[in-house]
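What follows is each chain in one-letter form.
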Amino acid sequence: STMSGGAFDAGTLFSFDPHNLQYNKLFDFEPHNGKIPYANLAGYNQKLYGLTNGGGTDEYGYDAYYGGVLFEWDIQEKKFAKKVDMPRERSEFSSIHGRSAFTALNNRLFVVRKETEVQRAGIFEFNPTTSQFTRIFTFSNSIKILEENGTTAHDGKLVGIGMWQHDWSSKEIIYEFDPSTNAFSYRQVPFNYSKFPYLIGMTGAPVFLNNKWYCLT
């Protein structure tokens, strides 16, 4: 997808065939159905799912230009569907922006919500069958999720990066969350790559290969 351009200058969804180098625009975003897509797409059951950083409507049906939506694209039917509106005035969803990336696991899609001034960070689950979007886990006060890095699915768990903080001490961590049991655990990284206080030096989602986790700073 693109975050701008298209018929309404609100972004597009397109496909690209690497064999014949053919580009095909599939959908033009516009404010009512979400605008400014700004994240990874997640594929599940011949459908694509993503988030936009603006657009959508509030609970009264009025345009919520800065809220964003969770959307679905049916690859076979070539059909767009807005699944969830996330207006900013609903503080529960206020920091789930289009930059947040979905992770597919056990027929569900998961996204991490970063910390805000009024809400602790959390993990949200989207059920593609019922279109329900709910918070399933809240990080403790000592675990800070300050960036939208996403997670990696491994061995039935979600793996991501964050920061442990107590008073003026802080350590970056790699955490695991099991959606089936709600079990959460983490390990501190032996070196603190944070460049400034309260900023996370590690970036992106971890990658598991050859029995090791790989991360970027």
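Residues numbered from 1 in each chain as written. Predicted model: local features only at pLDDT ≥ 70, side-chain atom pairs only at ≥ 80, totals over all residues. Heavy atoms only, no water.

### Here's the deal with the overall build of the protein
Argument step 1. Across its full length, the protein carries zero helices and 18 strands.
Argument step 2. The proportion of buried residues among the 217 residues of the protein is 41%.
Argument step 3. Put simply, of all contacts in the protein between residues at least 6 apart along the chain, 38% involve residues at least 24 apart.
Argument step 4. Carbon and sulfur atoms make up 49% of the accessible area of the protein, which amounts to about 11900 Å² in all. (Helix = DSSP H or I, 4+ residues; strand = E, 2+ residues; numbered from the N terminus. Buried < 20%, exposed > 50% of the residue type's maximum accessible area, 1.4 Å probe, protein only. Contact = heavy atoms within 4.5 Å. Areas by Shrake-Rupley, 256 points an atom, 1.4 Å probe, with all protein chains shown as cover.)

### Considering unusual backbone geometry
Argument step 1. In the Ramachandran plot, Asn 107 falls in the positive-phi region, its phi being about 65 degrees despite a non-glycine side chain.
Argument step 2. Among the structural elements, Asn 107 can be located in the loop between strand 8 (103–105) and strand 9 (108–113).
Argument step 3. Unusually for a residue other than glycine, Asn 210 sits at a positive phi of about 55 degrees.

### What about the pattern of salt bridges?
Argument step 1. Counted by the stated rule, this structure contains five salt bridges.
Argument step 2. One salt bridge in this structure joins Asp 28 and Lys 25, with 3.1 Å as the shortest N-O distance.
Argument step 3. When the shortest N-O distance is used, the salt bridge between Lys 157 and Glu 176 registers 3.6 Å. Pair noted here: Lys 157 is in strand 14 (residues 157–166) and Glu 176 is in strand 15 (residues 169–178), with a separation of 19 residues, a long-range link.
Argument step 4. Residue classification places Glu 176 among the partly exposed residues on the basis of a relative accessible area of 25%. (Salt bridge = Lys/Arg side-chain N within 4 Å of Asp/Glu carboxyl O.)

### A few points about the side chain of Glu 30
Argument step 1. By secondary structure assignment, the location of Glu 30 is in the loop between strand 2 (22–28) and strand 3 (35–37).
Argument step 2. Buried charged residue Glu 30 carries no salt bridge. Nearest counter-charge: Lys 82, at 7.5 Å.
Argument step 3. A polar side-chain atom of Glu 30 sits 2.9 Å from the main-chain amide nitrogen of His 32.
Argument step 4. Polar side-chain contacts of Glu 30 include one of 3.0 Å to the side chain of Asn 33.
Argument step 5. Once residues within four sequence positions are removed from consideration, Glu 30 is found in contact with Phe 8, Ala 10 and Lys 35. (Lys, Arg positive; Asp, Glu negative; His and termini not counted. Polar contact = N/O pair within 3.5 Å; in protein donor to acceptor, adjacent residues only side chain to side chain.)

### Comments concerning the packing of aromatic side chains
Argument step 1. Scanning all chains against the criterion turns up 18 aromatic pairs.
Argument step 2. Between the aromatic rings of Phe 27 and Phe 29, the centroid separation amounts to 5.3 Å while the plane-to-plane angle is 90 degrees, which identifies the pairing as edge-to-face. Judged on exposure class, the residue Phe 27 and its partner Phe 29 are both buried.
Argument step 3. Through pairs of rings, three or more aromatic residues link up here, namely Phe 137, Phe 139, Tyr 175, Phe 177, Phe 184 and Tyr 186. (Phe/Tyr/Trp six-rings, centres within 6.5 Å; stacked < 30°, edge-to-face > 60°.)

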